[in-house]
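Tertiary structure, described
Listed below are the residues making up each chain.
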Amino acid sequence: MTIQASSSTTRSAPGHSATQLQRIGGAAAALAAGTFGYGIAMFATTFADYTDPDATPVESVDFLVDHQGSLLAWYIGIFIVFGAALVPMGLALRQRLATTAPLLANAGMVFAAIWAALMFATGMISNIGIEAVADLAESDPDRAVTVWSAIDTVTNGLGGGNELVGGIWILLVSIAGLLAAALPRWLNIVGIVTAVAGVVTVVPDFEAIEMVFGLGSIVWFVGVGVTLLRDRDTSEAAS
């Protein structure tokens, strides 16, 4: 009797682990949606003067000095927290899609990891940069403007100014979801449209489409979260 019970427990462990990862991934997707919503809301309201493309470097530095704490919190939310959420979400989606679309699922996980790394790098550079610029603004305003311009260029290049890597990841997952029928069809269509908008932002003249990517990503993250939390049959069967 003891041996049979132990064997049964061993067989059920993979299924339990798969279910747990799907739940964690679903919660992470909901968190990612929250960070995007928070980021866009602050972008369009509190930080409208700072994010205005017509703002001069001097005006941006003055705004940074007056809103240092708020900007630190903003960058932590939209980069650090979001980057952390990408990892379990990417793993859960890979697990869900790997059985029927292994190549796309594995490639997608690679881009999810790259995106997470870029988000961490952008967030940490931004937060350290804010403190450095704020300190310089008191003693050497001209140098503070120069440092801010350099940091702004670097962080925009890493991911703040385009959504190429995120677009590729969402595209791979959405195509895999269509082929494997492992995600709702409407969610895959939203993902593909969102992904195309993200990829297009790499072209300077199409940076305005970044808002389409942001809003579409919120819908996609929410849909992924609901799907992973509510429907775990696919991952359990695969395990």
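Cut-offs and rules
- Residues numbered from 1 in each chain as written.
- Predicted model: local features only at pLDDT ≥ 70, side-chain atom pairs only at ≥ 80, totals over all residues.
- Heavy atoms only, no water.
- Helix = DSSP H or I, 4+ residues; strand = E, 2+ residues; numbered from the N terminus.
- Buried < 20%, exposed > 50% of the residue type's maximum accessible area, 1.4 Å probe, protein only.
- Contact = heavy atoms within 4.5 Å.
- Areas by Shrake-Rupley, 256 points an atom, 1.4 Å probe, with all protein chains shown as cover.
- Patch = residues over 30% accessible without salt bridge, like charges linked within 9 Å, V, L, I, M, F, W, Y side chains within 5 Å.
- Salt bridge = Lys/Arg side-chain N within 4 Å of Asp/Glu carboxyl O.
- Lys, Arg positive; Asp, Glu negative; His and termini not counted.
- Charge placed at Lys NZ, Arg CZ, Asp CG, Glu CD.
- pLDDT = per-residue confidence, 0-100.
- Arc of directions from axis to C-beta.
- Phe/Tyr/Trp six-rings, centres within 6.5 Å; stacked < 30°, edge-to-face > 60°.
- Axes fitted to C-alpha atoms, helices over the stretch in contact; angles between N-to-C directions.
- Parallel < 35°, antiparallel > 145°, perpendicular 65-115°, else oblique.
- Nonpolar A, V, L, I, M, F, W, Y, C, P; charged D, E, K, R; others polar.

Let's talk about the overall build of the protein chain
The number of helices and strands found in the protein chain is 10 helices and zero strands. Helices and strands in the protein chain line up, N terminus first, as α-α-α-α-α-α-α-α-α-α. For the protein chain, the residues scored as buried account for 42% of the 239 residues in total. Counting contacts in the protein chain only where the partners sit at least 6 residues apart, residues at least 24 apart contribute 80% of the total. When the accessible surface of the protein chain is totalled, it reaches about 11600 Å², and 66% of it is carbon and sulfur.

As for unusual backbone geometry
Most peptide bonds take the trans configuration, and most residues that are not glycine carry a negative phi. At alanine 181, a residue that is not glycine, the phi angle is positive and equals roughly 50°. Within the secondary structure, alanine 181 is located in the loop between helix H7 (164-180) and helix H8 (185-200). Alanine 181 sits in the exposed class, given a relative accessible area of 64%.

What about a nonpolar patch on the surface?
A surface patch of nonpolar side chains, amounting to about 250 Å² of accessible area, comprises Phe43, Met211 and Leu215. With respect to the helices and strands, phenylalanine 43 occurs in helix H1 (residues 2-44). The exposure class assigned to phenylalanine 43 is partly exposed, which follows from its relative accessible area of 34%.

Side note on a negative patch on the surface
A surface patch of negative charge is lined by Asp49, Asp52, Asp54, Glu59, Asp62 and Asp66. Among the elements that make up the negative patch, the one with the highest residue count is helix H3 (residues 57-66) (three residues). On the secondary structure map, aspartate 52 appears in the loop between helix H2 (48-51) and H3.

A look at the confidence of the model for the protein chain
Here the protein chain shows a mean pLDDT of 89. Residues at 70 or above account for 90%. Here residues 1-12 scores under 50 on pLDDT; set against residues more than four positions off or in separate chains, the count is zero contacts. pLDDT under 50 marks residues 233-239. Its contacts with residues more than four places away, or in other chains, come to 11 contacts.

Focus: H3
Along H3, the residues that are buried comprise Ser60, Val61, Phe63 and Leu64. Angular distribution of buried residues about the axis of H3 spans 160°; they occupy a single face of the element. Lining the buried residues of H3 we find H2, helix H4 (68-97), helix H5 (102-139) and helix H6 (141-160).

Concerning the packing of aromatic side chains
Evaluation of the coordinates by the stated rule reveals 15 aromatic pairs. With a centroid separation of 4.9 Å and 55° between ring planes, the pair formed by phenylalanine 47 and tryptophan 74 is classed as tilted. Of the two residues, phenylalanine 47 sits in the loop between H1 and H2 while tryptophan 74 sits in helix H4, which places them 27 residues apart along the sequence. Here the two residues phenylalanine 47 and tryptophan 74 agree in accessibility, since each one is buried. A connected cluster of aromatic rings, assembled from ring pairs, spans Phe36, Phe82, Trp115, Trp169, Phe213, Trp220 and Phe221.

Brief notes about the environment of glycine 77
Among the secondary structure elements, glycine 77 is positioned in helix H4. On the accessibility criterion, glycine 77 (10% relative accessible area) is buried. Taking C-alpha positions, glycine 77 is 9.5 Å from alanine 32, a pair spaced 45 residues apart along the chain. Beyond its immediate chain neighbours, meaning those up to four positions away, glycine 77 contacts Thr35 and Phe82.

Here we look at the packing of H3 against H6
It is at 9 Å that the axes of H3 and H6 come closest, and there the two elements cross at 95°. Relative to H6, H3 is oriented roughly perpendicular. Side by side, H3 and H6 meet where Pro57, Val58, Ser60, Val61 and Leu64 of the first sit next to Ala144, Val145, Trp148 and Ser149 of the second. Split into classes, the residues belonging to the contact of H3 with H6 amount to seven nonpolar, two polar and no charged.

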